[in-house]
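A look at the structure
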Amino acid sequence: YYSDIWVGTPKQKFTVILDTGSNVMWLPLKGAGNVHPSARYDPKKSSSVELSSEIDILKYGKGKCLGVYGTETVSIDNLTVPWINVLFVQNETDL
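Residues numbered from 1 in each chain as written. Predicted model: local features only at pLDDT ≥ 70, side-chain atom pairs only at ≥ 80, totals over all residues. Heavy atoms only, no water.

A short note on the side chain of Asp42
Looking at where Asp42 falls in the secondary structure, it is placed in the loop between strand E3 (25-28) and strand E4 (50-60). Its relative accessible area of 9% is what places Asp42 among the buried residues. (Helix = DSSP H or I, 4+ residues; strand = E, 2+ residues; numbered from the N terminus. Buried < 20%, exposed > 50% of the residue type's maximum accessible area, 1.4 Å probe, protein only.)

See the structure below:
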């Protein structure tokens, strides 16, 4: 299933695949290397983002993605939730 979501303050629009089997929402960062989706999240445009120093590699089958954790405000339709945990992806392989 696909859905439009809005991330940040002011809002940046993304069309995402809803994955109910995952506890991690991830978004590609602006300036990221090898990342599939064309829309990229720009943390410099948001006043509500909080980036941590925690870096992680998530493995999916034979592929993986590398990113930094943080929190951000996320909206779907009329529902807005602050402080959603996000992995801001900097690079991916074989996804």
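Description of the packing of aromatic side chains
Applying the stated criterion across every chain, the model contains one aromatic pair. Taking the centre distance of 4.9 Å and the plane angle of 25° together, the rings of Tyr41 and Phe88 count as stacked. Taken together, the residues span a long stretch of sequence, with Tyr41 in the loop between E3 and E4 and Phe88 in strand E6 (residues 79-93) at a distance of 47 residues. There is no split in this pair, since Tyr41 and Phe88 are both buried. (Phe/Tyr/Trp six-rings, centres within 6.5 Å; stacked < 30°, edge-to-face > 60°.)

Quick word on the pattern of salt bridges
In the structure shown here, the tally under the stated rule is two salt bridges. Between Asp4 and Lys13 there is a salt bridge whose closest N-O contact spans 3.6 Å. Using a relative accessible area of 30% as the deciding quantity, one classes Asp4 as partly exposed. A relative accessible area of 49% means that Lys13 is categorised as partly exposed. We note a salt bridge from Asp42 to Lys30, for which the minimum N-O separation is 3.7 Å. Residue Asp42 is found in the loop between E3 and E4, and its partner Lys30 is found in the loop between E3 and E4; the two are separated by 12 residues along the sequence. (Salt bridge = Lys/Arg side-chain N within 4 Å of Asp/Glu carboxyl O.)

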